[in-house]
Amino acid sequence: MQFLSDEWADTYTSLLNENPTIQKKLKRFSSLFKYEVNDRDDIETLIIEVTKGQCTSYGPESAFNAKDIEFSMSSDADTWQKIFHKEMTIKEALNAKHFKLDGPKLKALSNKSGLEKSVDIMLNMEDTNI
């Protein structure tokens, strides 16, 4: 399925909402997440809203107030593809400056295990392509 498409977002948010570990670890966590392929204009940026650990909505960036977006994950299509094909980890991509991860550090650290689990789910979704 196409990364950041409605089908992908629906599948990803469903997986997050059905995961009891994430629900427990992020039960007090609320934020807006931005996912972006920064070198492809044909792939629209996706925002996912999380409210008390539940993905409550998602959509294009234009549907949300830009000032409310706290976290973002951005990279070029080639790097995203390598990450999804397990040819590169996000940490390796960050170290090589191919991948950008932004957000409030203290909030991320205090919710680290739940956020890491949500990234693991994203990276283990089958049939994701760019």
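Residues numbered from 1 in each chain as written. Predicted model: local features only at pLDDT ≥ 70, side-chain atom pairs only at ≥ 80, totals over all residues. Heavy atoms only, no water.

1. Thoughts on the confidence of the model for the protein chain
Stated precisely, the cut-off is as follows: For every residue, the pLDDT score states the predictor's confidence, bounded by 0 at the bottom and 100 at the top. The helix and strand labels rest on DSSP assignments: H or I over at least four residues marks a helix, E over at least two residues marks a strand, and numbering proceeds from the N terminus.
Across the protein chain, the average pLDDT comes to 94, with 100% of residues at or above 70. Of all the helices and strands in the protein chain, helix α4 (residues 90-95) carries the lowest mean pLDDT, 89, while strand β2 (residues 46-51) carries the highest, 98.

2. Some details on the layout of surface pockets
Basically, it comes down to this: Cavity means a closed set of points on a 1 Å grid over the protein atoms alone, one where a 1.4 Å probe fits but cannot get out, pocket means an open set with protein on both sides within 12 Å along at least 5 of 7 lines, and lining means a residue has an atom within 4 Å of a point. Grid points are joined across faces, edges and corners, and a volume is the space filled by probe spheres set on the points. Here the nonpolar group is Ala, Val, Leu, Ile, Met, Phe, Trp, Tyr, Cys and Pro; Asp, Glu, Lys and Arg are the charged ones; every other residue, Gly included, is treated as polar.
Considering only enclosed or pocket space, the largest pocket measures out at about 610 Å³ in volume. Considering the residues around the largest pocket, the lining is formed by 22 residues, among which Leu101, Ala108, Leu115, Glu116 and Val119 are closest to the centre. For the lining of the largest pocket, the secondary structure elements donating two or more residues are β1 (31-37), β4 (71-75), α4, β5 (99-102), α5 (105-110) and α6 (112-123). Top contributing element to the lining of the largest pocket by residue count: α6, with 7 residues. The class makeup of the residues in the lining of the largest pocket is 12 nonpolar, 4 polar and 6 charged.

3. Here we look at the pairing of β1
Definition in use: Any residue under 20% of the maximum accessible area for its type is buried, any over 50% is exposed, and the rest in between are partly exposed; the area is computed with a 1.4 Å probe on protein chains only. DSSP-based pairing: two strands are paired if at least 2 bridges between them are found.
Extensive coverage of β1 is indicated by the burial of 6 of its 7 residues. Relative to β2, β1 runs antiparallel, the two being bridged by 5 bridges. The residue of β2 that forms the bridge with Ser31 is Val50. Of the strand pairs in this sheet, β1 and β4 are connected by 5 bridges, and their pairing is parallel. Bridge pairing in β4 links Glu36 to Ser74.

4. What about the environment of Gln81?
The cut-off we apply is this: For this analysis, residues touch if any pair of their heavy atoms sits within 4.5 Å. Pairing of N or O atoms within 3.5 Å defines a polar contact, subject to two protein rules: one partner must be a possible hydrogen donor and the other a possible acceptor, and residues neighboring in sequence count only if both atoms are side-chain atoms.
Within the secondary structure layout, Gln81 lies in helix α3 (residues 77-84). Assessed through its relative accessible area of 17%, Gln81 is described here as buried. Beyond its immediate stretch of four places on either side in the chain, Gln81 contacts Thr128, Asn129 and Ile130. Only 2.9 Å separates the side chain of Gln81 from the backbone nitrogen of Ile130, close enough to count as a polar contact.

5. Examining the packing of helix α1 (residues 6-17) against α6
As a reminder of what qualifies: For helices, the axis comes from a line fit to the C-alpha atoms of the stretch in contact; other axes are also lines fit to C-alpha atoms, and the angle between any two N-to-C directions lies between 0 and 180 degrees. Should an angle fall under 35 degrees it is taken as roughly parallel, and over 145 as roughly antiparallel, whereas 65 to 115 is taken as roughly perpendicular and any remaining angle as oblique. Should the near helix be turned anticlockwise from the far one by less than a right angle, the crossing is termed left-handed; should it be turned clockwise, right-handed.
Their axes nearest at 10 Å, the elements α1 and α6 cross at an angle of 135°. Considering their axes alone, α1 and α6 lie oblique with respect to each other. The element α1 and its partner α6 pack so that their crossing is right-handed. In this structure, α1 uses Trp8, Tyr12, Leu15 and Leu16 to contact α6, whose residues at the interface are Ser118, Val119, Ile121 and Met122. In terms of residue class, the contact of α1 with α6 is made up of 7 nonpolar, 1 polar and no charged.

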